[in-house]
Amino acid sequence: MAILDDDTIGELRLIMEDDLPKLIDSYLNNSTKLIRELQGMAGSVQQDDFVIRIHSLKGSCRNIGALQMGDLCERMEKHARAGNFSKIKQDLEKLNSEFDLVRSALLAVD
Amino acid sequence: MPSSQPPLKILIVEDSASDRLLLERIVLDQGYQTVTAEDGREAIRQFKHEKPAMVLMDALMPDIDGMEAAREIKKIAGENFVPILFLTSLTDDEALVACLEAGGDDFLSKPYRPVVIAAKIQVFRRMLQLQRALKKQRDEIAKSNEHFMQEQLVAKKVYDNVAHMGCLDQINIKHMLSPMSVFNGDVLLAARKPSGGLVMFLGDFTGHGLPAAIGAMPLAEIFYSMVAKGFGTESILHEINLKLKGILPVGFFCCAAMVDISYAKRRAKIWNGGLPDLMMRRADGIVERIASDHLPLGILAAEKFDSSTTILDMRMDDRLYIWSDGIVELRNARGEQYGLDRLHEWLHHDDAEKIFEYMLEGAKKFAGYGNYEDDLTLAEIKMVEDIWSIQDQDQDTFSTTALRGARDWSFTYEMFDDTIREFNPIPLMLHVSMEVPELKAYSQDLYTLFAELISNAIDHGLLGLDSRLKANATGFKRYYELREEGLRALQGQCVRINVRHHPVSGGGTLIIRVEDSGEGFDYSKLDLSFPEASKFSGRGLPLVRSLCESLEFKEKGNVVQAEYRWISELEKGKILAKAVI
């Protein structure tokens, strides 16, 4: 699976036209903020807040075409709902590196 | 958007900025107007403020989440339909059910598909239009229904004023008229005759409600005015038939019966056109039936209409029962009819005083209380002593319509052969006389005066009949045969009636002078004292004498003059007051 889904990007280009960079910018800012918050609360268990954020991140990843990262979020959401926070710690690191790849890919979109 | 209406306003509630931006762009591209909110709290505020027609809302949000916000928004919207589409990538059934329970109407899943979003919004836009149209129609129906009920109530008042109960409250009448709807297909009327009797009319119009009630109005109008003017049963029936024939559409008619009771003669004249058999329960327990032998009113043309009546002698405490088919056709829960047999059975009950109540109670019990479908009309008339001497005069029916009126006048009316043969002049005489407003209260006296004086002039003055013939039943019959013959043979004869009224203090005087072209008679030895009450003959003139201030025969005996005094209600009160002091 590609880091970024070309079809989705194509569709977004049609929808957003010249505003596509604005959408990408908004996604990157929002996601950076969410990931930071998620990392912050991984130590102290705040299940509901964690679920809401990872759920939100999952949705926006899929909308922007970051399907692989979206799937990772879904897995983390399931673990969070199940209260399985030991698995989440490992995944958080994966999420970080995945997001780096997505960001690079998105910034390459012109 | 393919519409000239202002674009639909859609509220987008999404906590992720990029998703919000994307969705807003998709919705704007469809031609809708957008408002956005980042969380549930802001969504509620925006909803109140912007009044959007539709909401697209993320289910999971920090603070107040989508479901809670949805519940609140639905509450604020009240009976207005505001579709809420949840934006969600929730997959488990429980979460989706929770969204629906919170008032969500549909879902949009991520990633967003513009085509799907456009289609779903379009679906709900159509539902909104439909709902608005329905609501508008509902409101219009409710409004017009309210208007209709208002009109019915006003119409009912008018109807009740016209088709009023007359003298149904007399002590010898029992009656039941079910208030099935605002209007009733049945009409039950009763009026006092100027001659002292009572006329009851029961009509059952085809159908119910307004169409039936409309026919009842002219009917009641004719009935009350003609009875008050002294017209006979036959004339009244003719007039009603003619009127109904004229106004009712083909296929609509009025099954009816008319009962004309004379207390003095202890007699009932009955006409039945299409109603169930009238039943007579004699004081001694014997039961007789008077079947319908005519077509209902409003069917036959005037020349074919038959108003002939059945005449029944009645003794004291004989009871006459009359009902429409509503009570007969009353059904119970099993669909069985109450039926004539059950009704007739009551007539044989030992306690005659309770028959009416038993019939009615029996019917209600049979149907299960409160379940009558049709108009349920039932009446009983009992033969009693002259009711008007027992009860106060029916001041409502005979109330004076105006205090002013013709008070000082005279008229002369001449009848020649044909008119003497064919025409009853009494209603005309009464009609003119009652232009003196207060005189209406004395219509019974006036009727007697005119009837006796005019028949005296014809029977004795012109035809030379001997009233002693009427002493027994055969003679009675013979008398009327001779009368018929005499009337047929009339030639060049005349009866002249002169009536003069002038006011005197506290009342008035009415002078009736009747002159016939006959030979007259020797009135010097005339005895005007009452004969024995049981005899049928010779009561006329003593009765007139007893009512009048004076009664005089003049010239060769072919002229008779009666002077009748009346006093006003006001004056009566003064006299009474003096007597008390």
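Now for a quick tour of the structure. Here the structure is a predicted model, which means the values were calculated and not measured.

1. Digging into the overall build of chain A
Along the backbone of chain A there are five helices and zero strands. The helix and strand sequence of chain A, counted from the amino end, reads α-α-α-α-α. Taken over 110 residues, chain A has a buried fraction of 49%. The long-range share in chain A, meaning contacts at least 24 apart out of those at least 6 apart in sequence, stands at 65%. Carbon and sulfur atoms make up 48% of the accessible area of chain A, which totals about 5400 Å².

2. Some thoughts on the nonpolar core
Of all hydrophobic cores here, the largest spans 56 residues; its most connected members are A:Tyr27, A:Phe50, A:Leu57, A:Met69, A:Leu95, A:Leu106 and B:Leu56. A total of eight residues in this core trace back to one element, the largest contributor, which is helix α2 (residues 20-40) of chain A. Of all hydrophobic cores here, the second largest spans 42 residues; its members include B:Met434, B:Tyr442, B:Phe450 and B:Leu541.

3. Here's the deal with helix α3 (residues 66-77) of chain B
All names here are of chain B. Taking 1.5 Å of rise per residue, the 12 residues of α3 would be expected to cover 16 Å, and the 16 Å separating its terminal C-alpha atoms lies within 8% of that figure. Looking at the buried positions of α3, the neighbouring elements they touch are α2 (40-50), β3 (54-58), β4 (84-87) and α4 (93-101). For α3, the N-terminal cap is Asp65; the gap from its side-chain oxygen to the backbone nitrogen of Met67 is 3.2 Å. Backbone geometry just after α3 places Gly78 at a positive phi near 65°.

4. As for the interface of chain B and chain A
Each partner contributes residues to the interface: chain B has 21 residues there, and chain A has 21 residues. Here chain B and chain A share an interface that buries about 1900 Å² over both sides, 58% of which is from carbon and sulfur atoms. Measuring nitrogen to oxygen at the nearest pair gives 2.2 Å for the salt bridge that ties A:Asp19 to B:Arg25. Where chain B touches chain A, the interface holds seven residue pairs in polar contact (both at pLDDT 80 or more). The biggest single contributor to the side of chain B that touches chain A is helix α1 (residues 17-29) of chain B, with eight residues. For the side of chain B that touches chain A, the per-class residue count stands at 11 nonpolar, four polar and six charged.

5. A short note on the packing of aromatic side chains
Residues and elements named next belong to chain B. For the coordinates displayed, the defined rule picks out 13 aromatic pairs over all chains. Their ring planes at 80° and their centres at 5.2 Å tell us that Phe223 and Tyr224 sit as a pair that is edge-to-face. In this pair, the class of Phe223 matches that of Tyr224, namely buried. Ring centres of Trp409 and Phe411 lie 5.9 Å apart, and the angle between their planes is 25°; this geometry places the pair in the stacked category. Classification of Trp409 as buried rests on a relative accessible area of 13%. Overall, the relative accessible area of 17% leaves Phe411 in the buried class. Among the aromatic residues, those joined into a cluster by ring pairs are Phe201, Phe223 and Tyr224.

6. Some words on the sheet that holds β3(B)
Neighbouring strands of a sheet are bound in pairs by backbone hydrogen bonds; such pairs are parallel or else antiparallel. Residues and elements named next belong to chain B. What the five strands build is an open sheet, ordered β2-β1-β3-β4-β5; its pairing is parallel. Two strands lie at the open edges of the sheet, namely β2 (33-37) and β5 (106-108), each paired on one side alone. When the angles between neighbouring strand axes are averaged without regard to direction, this sheet yields 25°. In this structure, β4 lies alongside β5, joined through three bridges in parallel fashion. Its bridge partner being in β5, Phe86 is matched across the sheet by Phe107.

Cut-off values and rules
Residues numbered from 1 in each chain as written. Chains lettered and ligands numbered in written order. Predicted model: local features only at pLDDT ≥ 70, side-chain atom pairs only at ≥ 80, totals over all residues. Heavy atoms only, no water. Helix = DSSP H or I, 4+ residues; strand = E, 2+ residues; numbered from the N terminus. Buried < 20%, exposed > 50% of the residue type's maximum accessible area, 1.4 Å probe, protein only. Contact = heavy atoms within 4.5 Å. Areas by Shrake-Rupley, 256 points an atom, 1.4 Å probe, with all protein chains shown as cover. Core = buried A, V, L, I, M, F, W, Y, C linked by side-chain atoms within 4.5 Å. Expected span 1.5 Å × (residues − 1). Polar contact = N/O pair within 3.5 Å; in protein donor to acceptor, adjacent residues only side chain to side chain. Buried area = accessible area lost by both parts, 1.4 Å probe. Salt bridge = Lys/Arg side-chain N within 4 Å of Asp/Glu carboxyl O. Nonpolar A, V, L, I, M, F, W, Y, C, P; charged D, E, K, R; others polar. Phe/Tyr/Trp six-rings, centres within 6.5 Å; stacked < 30°, edge-to-face > 60°. Pairing = 2+ DSSP bridges. Axes fitted to C-alpha atoms, helices over the stretch in contact; angles between N-to-C directions.

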